[in-house]
Amino acid sequence: MVLPVKVFEIRGMEGDPRERLTGFQEAEPVEGEEIELLTRILDMEQKEDMVYGILAKDFMRETTYRRQVLTNATTEEAPFWIVPQEDRKFLIVMAPSVARGVKKMLSNHVAVKIGEILNIDVRESRITSETLQKLHESNPQSTNLIWFDNMDLPGVNKLCLSGEGLADTGQYRDYLDHGMIWYVVFTSQKSGYTVGVTRNAVVTNFSKSTPDEFIEFVREEIIPLIE
């Protein structure tokens, strides 16, 4: 199963976040229905130096059955981790970063809600194009794919290098001269995971691992890349 996470930096957090998160619940009435849509924090716990929990949110979803549109309530859940790293703190959310399929709860939505509950400043994390460039060039054989954006070529927004194109250093340098690295898929020498990482710290694991194993990888190999 592909595991996507997004890493945010958090500032202004004081005390134990579990005090505000544990038991949190808010209800939203649904017009014309006898139910309420709940947003809840579940399964809060301390995992070593990390705080772990799940944001669960109810949605109304339409489905078609025998040419009739039916509306039903559904619940989506997104695990999150609050992670200290030296003198900084990060929020890691395991949820899609863009809307695909029927999923409604995205990582940004979770980050905003956690920020509201804790009354903290949640910010986008940034990994520079130069850092992704060094990541690739330190071990080019481990890179599977690179996307470039901010291209200065007329009519071209993004370009991709993969396969044999990655071995062509001339083509790589040419793309780099015209744009910035947005996304790199590489295989970690340490963990063996094949992952993709973007400049806004969206990390996707294409290898088999548990969520806890993946979060440990993100702590050890991705967070240090954040500026």
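Residue positions are given per chain, counted from 1 along the sequence in the order it is written. At least 70 in pLDDT is required for a residue's local features to be given in this predicted model, at least 80 for side-chain atom pairs to be given and counted, and no such filter applies to totals for whole chains, interfaces and linings, which use all residues. Hydrogens and waters are ignored; side-chain quantities use all the structure's heavy atoms.

Asks: Where do I start with the pairing of strand 6 (residues 88-93) in this structure?
Replies: Regular strands have side chains that alternate between both faces of the sheet. For strand 1 (residues 3-11) and strand 6, the ladder comprises five bridges, and the chain directions are antiparallel. Within the sheet, the bridge partner assigned to E9 lies in strand 6 and is F90. A pair of strands counts as paired when DSSP detects no fewer than two bridges linking them. In this description a helix means any DSSP run of H or I spanning at least four residues, a strand means any run of E spanning at least two, and both kinds are numbered starting from the N terminus.

Asks: What am I meant to see in the packing of aromatic side chains here?
Replies: The relation between two aromatic rings is expressed through the spacing of the ring centres and the mutual angle of the planes. We call Phe, Tyr and Trp rings a pair once their centres come within 6.5 Å, taking the six-membered ring for Trp, and we label the pair stacked below 30 degrees between planes, edge-to-face above 60, and tilted otherwise. Overall, the coordinates contain five aromatic pairs when judged by the stated rule. Both rings, one in Y52 and one in W81, keep their centres 5.3 Å apart while their planes meet at 55°; by these two values the pair is tilted. Placement of Y52 in strand 4 (residues 50-65) and of W81 in strand 5 (residues 68-85) is noted, with a sequence separation of 29 residues between them. For W81, a relative accessible area of 1% translates into the label buried. Ring centres of F214 and F217 lie 6.2 Å apart, and the angle between their planes is 15°; this geometry places the pair in the stacked category. Here the residue F214 and the residue F217 both occupy positions in helix 6 (residues 211-222), the gap between them amounting to three residues, near one helical turn. Taken individually, F214 and F217 each receive the classification buried, so the pair is uniform in this respect. Joined through ring pairs, the aromatic side chains of F148, Y172 and Y175 make up one cluster. Both a distance and an angle decide whether a charge sits over a ring: NZ of Lys or CZ of Arg must be within 6 Å of the ring centre and within 35 degrees of the ring normal. Lying over the aromatic face of F59, K57 brings its terminal NZ or CZ to 5.6 Å of the ring centre. Here the term buried applies to any residue with accessible area under 20% of the maximum for its type, exposed to any over 50%, and partly exposed to those in between, with areas from a 1.4 Å probe on protein chains only.

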